[in-house]
Amino acid sequence: MSDSKEDVFAENGPSVSVVTPTFKEAANLLALASRIRSAMEAEGIEWELILSDDDSGDGSEEIARTLGERLPVRMHVRRNRPRDLSEAVLDGIELARSDRLVVMDADLSHPPERIADLLTALDRGADMAIGSRYAPGGRIDDSWSRYRSLNSRVATWLARPLTPCADPMSGFFALDRRRLPASNRLHPIGYKIGLELMVRGGLHVREVPIRFVDRRRGWSKLNWRQQAAFLRHLHRLYLFRFGLPFRVLSFGAVGASGLIIDTTVYFALQRAGIDHLLSRFLSFWPAVTWNWRMNRLFTFHDRPRRARVDQWVRFAVASVVGLVTNVGSYAVLSSWVEPFASHRLLALLAGVVIGSAANYVSASRFAYRETVPARQSADRG
Ligand code: GDD
Ligand code: MN
């Protein structure tokens with residue numbers, strides 16, 4: 001490291017650290033750093049820019065090194081790891097020297113000229129300040145296709161129950177490091193690190209309207225995989241926020257989807273000439289397997305991971321318990337208990353409810369238990 005490099009960093013440390021996740025943004029880095037510099041100089045704010053790069057291999061590193069010779073710019077390169085925007089941001093935050101943190105995209109969709117307003121909002125007591133496209137005065141780019149704006153609106157609407165913020169999907173925000181939730185409490189996946197922080201941290205958010213401009217150079221890295229990850233992320237946050245009632249709802253939804261598999265296989269087997277009783281017996285297993293997998297991925301994603309086979313067997317046992325309770329309740333109610341004896345459909349429905357409850361409790365206590373012997377929790381995936 002040359003002597004001149006130290007000179008570009010403020011003596012007492014910067015008063016804001018800008019953290020930018022980057023992936024193949026070589027074409028944007030120079031413009032980004034220059035615009036942040038002009039904006040910060042205009043306000044008299046000491047700054048640094050930390051680029052958290054997922055090993056782009058497009059010359060970004062060299063550009064960042066050159067920039068670092070005359071500006072307070074550093075690039076952290078994450079090697080040999082699956083690329084992930086949220087984790088890149090968290091890594092960048094760890095390297096930041098200031099407690100006042102700003103996160104923004106590299107493609108100049110987020111105006112650096114608004115950083116000062118975000119910091120002002122923090123100074124006035126907000127835990128987190130968001131550059132918001134949907135607050136009064138905010139805008140999205142005119143060039144956005146109908147598909148993209150609808151997509152964005154739907155995503156925002158899905159997050160409604162989690163936060164009153166009008167633009168919780170924004171990737172442009174400021175917060176004080178001391179308001180960061182402990183990193184073991186964070187479980188982000190994909191793009192929405194801002195949403196993760198505000199929901200898990202229970203942060204009081206203030207919105208600063210911005211005009212979001214579409215990138216001029218490079219391309220968006222948001223693809224269907226990120227969209228799928230977003231749905232899983234939302235599910236986790238709902239679970240965090242609403243606890244047991246949402247878990248039960250999720251379990252019920254998984255059960256309903258399993259029923260579709262059950263009946264489809266049941267009919268398919270009969271079409272293939274298999275006896276209906278045998279079909280009934282066989283169709284149960286693919287449905288159980290589906291339910292086990294979905295509950296592992298969604299309903300009980302936060303429970304310790306058991307070895308798959310072990311957990312499958314346990315879940316199958318829980319499902320048989322549910323089935324026996326279901327049919328058993330039907331038999332008892334329809335034989336001896338009014339009004340079920342004279343209304344058998346009621347008995348059937350009551351059986352489903354009681355059986356599902358038994359299934360839930362046994363799955364939760366036996367297959368997806370909160371504590372697992374240490375040597376078992378090693379298997380992940
Ligand atoms: N390190 C790293 N790893 N950076 C990434 C990755 C990754 O896997 N994927 C994207 N980035 C960086 C990009 O280089 C860019 O600086 C920033 O993250 C945003 O990526 P874009 O590809 O430009 O995303 P976008 O414009 O589609 O989405 C933006 O707008 C959304 C709202 O419409 C982001 O700000 C989203 O967070 C935001 O929700
Ligand atoms: Mn972008």
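Structure shown above.
Cut-offs used in this document
Residues numbered from 1 in each chain as written. Chains lettered and ligands numbered in written order. Predicted model: local features only at pLDDT ≥ 70, side-chain atom pairs only at ≥ 80, totals over all residues. Heavy atoms only, no water. Helix = DSSP H or I, 4+ residues; strand = E, 2+ residues; numbered from the N terminus. Contact = heavy atoms within 4.5 Å. Buried < 20%, exposed > 50% of the residue type's maximum accessible area, 1.4 Å probe, protein only. Pairing = 2+ DSSP bridges. Axes fitted to C-alpha atoms, helices over the stretch in contact; angles between N-to-C directions. Salt bridge = Lys/Arg side-chain N within 4 Å of Asp/Glu carboxyl O.

Visitor: Can you lay out the side chain of Q226 for me, pointing to particular residues and giving the numbers?
Guide: As for its position among the elements, Q226 is in helix α8 (residues 224-242). Setting aside chain neighbours within four positions, we find Q226 in contact with Y191 and K221.

Visitor: With reference to specific residues and values, describe the side chain of H235.
Guide: If you trace the backbone, H235 turns up in helix α8. Its relative accessible area of 13% is what places H235 among the buried residues. Discounting residues that sit within four places of it in the chain, H235 has contacts with F246, S250, F298 and T299.

Visitor: Outline the sheet that holds strand β6 (residues 173-176), supporting the account with residue identities and numerical values.
Guide: What the seven strands build is an open sheet, ordered β3-β2-β1-β4-β6-β5-β7; its pairing is mixed. At either margin of the open sheet sits one strand with a lone partner, and together these are β3 (73-77) and β7 (205-209). When strand polarity is set aside, the average angle formed by the axes of neighbouring strands in this sheet is 20°. Across the face of the sheet, helix α3 (residues 60-68) comes into contact with β2 (47-53) and β3 while running at roughly 150° to β3. Packing of helix α4 (residues 85-95) onto the sheet brings it into contact with β1 (16-22), β2, β3 and β4 (100-103), and relative to β1 it is tilted by some 150°.

Visitor: Describe the pattern of salt bridges, and please don't skip the residues or the numbers.
Guide: Opposite charge on two side chains allows them to pair when their charged atoms are near. With the rule as written, the count across this model stands at 30 salt bridges. The salt bridge partner of R35 is E113, with a shortest N-O separation of 2.7 Å. A residue pair is termed long-range when its members are at least 10 positions apart, and R35 in helix α2 (residues 26-43) and E113 in the loop between β4 and α5 (115-123) qualify at 78 residues. Classification of E113 by relative accessible area gives partly exposed; the value is 39%. The shortest N-O distance in the salt bridge between D176 and R178 comes to 2.9 Å. One salt-bridge network, in which partners are shared between bridges, spans D54, R78, R81, E87 and D91.

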